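# Close look at the chain arrangement
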Amino acid sequence: MTQMELLDLIAQHTREIVPGLDAHQFVASDRLADLGANSIDRAEIAMLVQESVGLSVPRVELFGPRNIGELAGLFLQKLNAA
Amino acid sequence: MPRNPVVTGMGVISAIGQGKAAFAKALLAGETAFGVMQRRGRQRESAYLGAEIREIGFSQEITRQTLRAASLSAQAALFVLLEAWVEARLYDVDPRRIGLIVGGSNIQQRELTQVHEAYRDSPAFLRPTYALSFMDSDLCGFCTAQFGIRGLAYTVGGASASGQLAIVQAAQAVLTNQVDVCIAVGALMDLSHWECRGLRALGAMGSDRYANEPALACRPFDRDHDGFIFGESCGAVVVESLESSQCRGLEPYAALRGWGIAMDGNRNPDPSLEGETQAIQNALDASGWTSARIDYVNPHGTGSIVGDETELKALQACGLAGVFLNATKSLIGHGLSAAGTVEVIATLLQMRAGRLHPTRNLENPIDPALNWVKEKSIEHQIDNALTLSMGFGGINTALCWQRHH
């Protein structure tokens, strides 16, 4: 799995949870909070991505990434380490 | 201090109609929608009969994302609340003066069972929002967020009397001036196969003797009744003072003149003549009425053998033997937590229509001397109605309604 594919997965699950993003072009520098995802939405999105790729990351480690590019990078790193 | 709580808006959903207009039409036509239940998680080596709501027709005001996160019970609550909200013009009321009472407890069992089954072998991926959605009060969260309600919102539970209890609690919130307007929602009770099995095992839910003729299974007050048949439903009733309704130029449906609540002091699901009589008498006394004033009764009438008999004895004991009555559950099934609210809505819609809906499958009434509305609807102007709801745990509730002139 590539970082780009993970980014697409994050975008897909973000559209499921947050209204009004159907036409939004996601880029790596997008911040979920700026897109309208509250803390619960963000936890939900992160869990949906983890379920999609069969990965379990402790919640506390998810506070690090500052945008969805970094989040995809973290998931990629965990996937490669697994 | 406000007086005279009145109903200024209503919203309803059931298997026979979504929205008041469709619901009233179906009621008066005596329509039913019973069959083997199909909703995911309702059956397990079983074929329970019931009446399920078809796909809910939402307007665009409720977003896809909200609906995705909302349980069936929450979706039904949003649907009925929107209808009631628009009718009562609540967009024109200070949201800090609006309250919400959700009637029902442990209402989302099917959804919870689904989650447990889906994540049994992969608990690490359990959705974080399960922490919100497992609580009944999540419905308060969805509804207050959608409509911007800022006054108060909480749930009340009283088994199958929850729907009427919610109305009582809403009236109290208005009468004590906590809010100007309070909406009572009778929440959709979403049974899983576990609850169906328990209710069947207890003898409360009807047997499978009509498995091949589902339309005949739900028969309140008929000699061949043998338990209730479940029906999904949900209702919302807007309660406020007459003075408050006049500020927005609304024409109320009816006034809640008084209510009675009485307990049997008995945990078992054994109906009590004494408890039911007490609740009716309390309601009449609170209204300042004698039984002679009542010209329509909407009974609890589930189809339970002892429950039906006890209720008719209570009506007789209270001098109500000559009053018109029908059984709303014969058409929509038993909504459990929702029943009390939805049946009040059925009563007020009949009041406004000047007609009483038929009772299905009432071929041989257990007491033929009563004034039943049987297979055909009849013309009858309700002025003063009594609505009854009873619940496990020995709770009895009675409400007195006066048509608004």
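This one's a predicted model, so the numbers in the text were calculated from it and none came from an experiment.

Here we take up the overall build of chain B. In terms of helices and strands, chain B carries 13 helices and 17 strands. Computed over the C-alpha atoms, the radius of gyration of chain B is 20 Å, within 12% of the 22 Å expected from 2.2 N^0.38 for a compact globule of 405 residues. On the principal axes, the C-alpha backbone points of chain B span a range of 60 × 55 × 40 Å. A total of 405 residues make up chain B; the buried ones form 60% of that total. Taking the intrachain contacts of chain B between residues at least 6 apart in sequence as the baseline, contacts between residues at least 24 apart amount to 79%. Total accessible area on chain B stands at roughly 15,400 Å², and carbon and sulfur atoms take up 49% of it. Each charge sign in chain B was given a centre, from 34 positive and 41 negative side chains, and these centres are 4 Å apart.

Contacts between chain A and chain B engage 17 residues on the former and 11 residues on the latter. Buried surface at the junction of chain A and chain B, both sides included, amounts to about 1,200 Å², of which 58% is carbon and sulfur. Interface area lost by chain A to chain B is led by Glu-44, Met-47 and Glu-51 of chain A, which between them contribute 42%. For the interface between chain A and chain B, the tally reads three salt bridges. The partner of Glu-51 of chain A in a salt bridge is Arg-127 of chain B, and the shortest N-O contact between them spans 2.6 Å. Of all the secondary structure elements, the ones that give two or more residues to the side of chain A that touches chain B are helix 1 (3-17) and helix 2 (39-53) of chain A. When residues of the side of chain A that touches chain B are assigned to their parent elements, the largest contribution, seven residues, is made by helix 2 of chain A. Across the side of chain A that touches chain B, the residue classes break down as eight nonpolar, four polar and five charged.

Looking now at the pairing of strand 7 (residues 181-186) of chain B. Residue and element names in this part refer to chain B. Taking burial as the measure, the six residues of strand 7 include six buried ones, the bulk of the element. Side chains of strand 7 alternate between two faces, with Val-181, Ile-183 and Val-185 and Cys-182, Ala-184 and Gly-186 buried alike. Two elements, strand 5 (residues 98-103) and strand 7, share six bridges in a ladder whose sense is parallel. Counted as the bridge partner of Ile-101 is Ala-184 from strand 7. Examined bridge by bridge, strand 7 and strand 9 (residues 233-241) share six bridges and lie antiparallel to one another. From the neighbouring strand, Ile-183 faces strand 9, where its bridge partner is Val-238.

Before going further, it helps to spend a moment on the environment of Val-80 of chain B. Residue and element names in this part refer to chain B. For Val-80, the location among the structural elements is in helix 3 (residues 72-87). C-alpha of Val-80 to C-alpha of Gly-235: the two residues are 155 residues apart in sequence and 5.8 Å apart in space. In this view, Val-80 contacts Gly-11, Val-12, Ile-13, Cys-234, Gly-235 and Ala-236; residues no more than four positions away in its chain are not counted.

A sheet is described by the order of its strands in space; here three strands give the open sequence 3-4-8 (chain B), paired in mixed fashion. Edge positions in the sheet fall to strand 3 (35-36) and strand 8 (230-231) of chain B, since each has one partner strand and no second.

Residues and elements named next belong to chain B. In this structure, Leu-90 and Ile-183 are the most contacted members of the largest nonpolar core, which totals 49 residues. Of all the elements in the fold, those that place two or more residues in this core are helix 3, strand 5, helix 6 (138-147), strand 7, helix 8 (193-202) and strand 9. The leading source of residues in this core is helix 3, at 11 residues. Those residues in contact with Leu-90 that sit more than four places away from it in its chain are Trp-85, Ile-98, Val-181, Ile-183, Val-238 and Arg-248.

Time to look at the domain arrangement of chain B. Residue and element names in this part refer to chain B. Looking at chain B, the domain boundaries give domain 1 (5-247) and domain 2 (255-403). Here domain 1 and domain 2 have C-alpha centroids that lie 20 Å from each other. Taken together, the contact between domain 1 and domain 2 spans 67 residues of the former and 61 residues of the latter. Buried area between domain 1 and domain 2, both sides added, is near 5,000 Å², and the carbon and sulfur share of it is 69%.

Looking now at helix 3 (residues 68-81) of chain A. Residues and elements named next belong to chain A. Along its 14 residues, helix 3 runs 20 Å from first to last C-alpha, staying within 8% of the 20 Å computed at 1.5 Å per residue. Among the residues making up helix 3, those that are buried are Ile-68, Gly-69, Leu-71, Ala-72, Leu-74, Phe-75 and Leu-76. For helix 3, the secondary structure elements touched by its buried residues are helix 1 and helix 2.

This part takes up the packing of helix 7 (residues 162-175) of chain B against helix 13 (residues 339-353) of chain B. Residue and element names in this part refer to chain B. At a minimum axis separation of 4 Å, helix 7 and helix 13 run at an interaxial angle of 75°. With respect to helix 13, the element helix 7 is oriented roughly perpendicular. When helix 7 is examined against helix 13, the residues Gly-163, Gln-164 and Ile-167 are found in contact with a partner set consisting of Gly-340, Thr-341 and Val-344. Class assignment for the residues of the contact of helix 7 with helix 13 results in two nonpolar, four polar and no charged.

With that settled, the discussion passes to the state of the cysteines. According to the stated counting rule, one finds zero disulfides over all chains in the structure shown. Cys-182 of chain B supplies the cysteine sulfur nearest to Cys-247 of chain B, a cysteine that is in no disulfide, at a spacing of 17 Å.

Before going further, it helps to examine helix 2 of chain A. Spanning 15 residues, helix 2 of chain A covers 21 Å between terminal C-alpha atoms, matching the ideal 21 Å at 1.5 Å per step. Those residues of helix 2 of chain A that fall on the buried side of the exposure criterion are Asp-41, Ala-43, Glu-44, Ile-45, Ala-46, Met-47, Leu-48, Val-49, Gln-50 and Val-53 of chain A. Turning to helix 2 of chain A, the residues buried within the fold contact helix 1 and helix 3 of chain A together with helix 2 (64-69) of chain B. Two residues or fewer past helix 2 of chain A, Gly-54 of chain A is found with a positive phi of approximately 70°.

The next thing to look at is the packing of aromatic side chains. Residue and element names in this part refer to chain B. Overall, the coordinates contain five aromatic pairs over all chains when judged by the stated rule. When the ring of Trp-85 is compared with that of Phe-147, the centres are 4.9 Å apart and the planes differ by 35°; the resulting orientation is tilted. Taken as a pair, Trp-85 in helix 3 and Phe-147 in helix 6 lie far apart in primary sequence, 62 residues in all. For the residue pair Trp-85 and Phe-147, the accessibility class agrees, reading buried in each case. Ring geometry for Phe-221 versus Trp-372: centroids 4.9 Å apart, planes at 45°, classification tilted. Taken together, the positions of Phe-221 in the loop between helix 8 and strand 8 and Trp-372 in strand 14 (residues 371-372) put the pair 151 residues apart, joining distant regions of the chain. Phe-221 sits in the buried class, given a relative accessible area of 0%. If you follow Arg-352 out to its NZ or CZ, it ends over the ring of Tyr-253, 3.9 Å from the centre.

Scoring rules and cut-offs
Residues numbered from 1 in each chain as written. Chains lettered and ligands numbered in written order. Predicted model: local features only at pLDDT ≥ 70, side-chain atom pairs only at ≥ 80, totals over all residues. Heavy atoms only, no water. Helix = DSSP H or I, 4+ residues; strand = E, 2+ residues; numbered from the N terminus. Rg over C-alpha atoms; globule rule 2.2 N^0.38 Å. Buried < 20%, exposed > 50% of the residue type's maximum accessible area, 1.4 Å probe, protein only. Contact = heavy atoms within 4.5 Å. Areas by Shrake-Rupley, 256 points an atom, 1.4 Å probe, with all protein chains shown as cover. Lys, Arg positive; Asp, Glu negative; His and termini not counted. Charge placed at Lys NZ, Arg CZ, Asp CG, Glu CD. Buried area = accessible area lost by both parts, 1.4 Å probe. Salt bridge = Lys/Arg side-chain N within 4 Å of Asp/Glu carboxyl O. Nonpolar A, V, L, I, M, F, W, Y, C, P; charged D, E, K, R; others polar. Pairing = 2+ DSSP bridges. Core = buried A, V, L, I, M, F, W, Y, C linked by side-chain atoms within 4.5 Å. Domains from an automatic or database assignment. Expected span 1.5 Å × (residues − 1). Axes fitted to C-alpha atoms, helices over the stretch in contact; angles between N-to-C directions. Parallel < 35°, antiparallel > 145°, perpendicular 65-115°, else oblique. Disulfide = S-S within 2.5 Å. Phe/Tyr/Trp six-rings, centres within 6.5 Å; stacked < 30°, edge-to-face > 60°. Lys NZ or Arg CZ within 6 Å of the ring centre and 35° of its normal.

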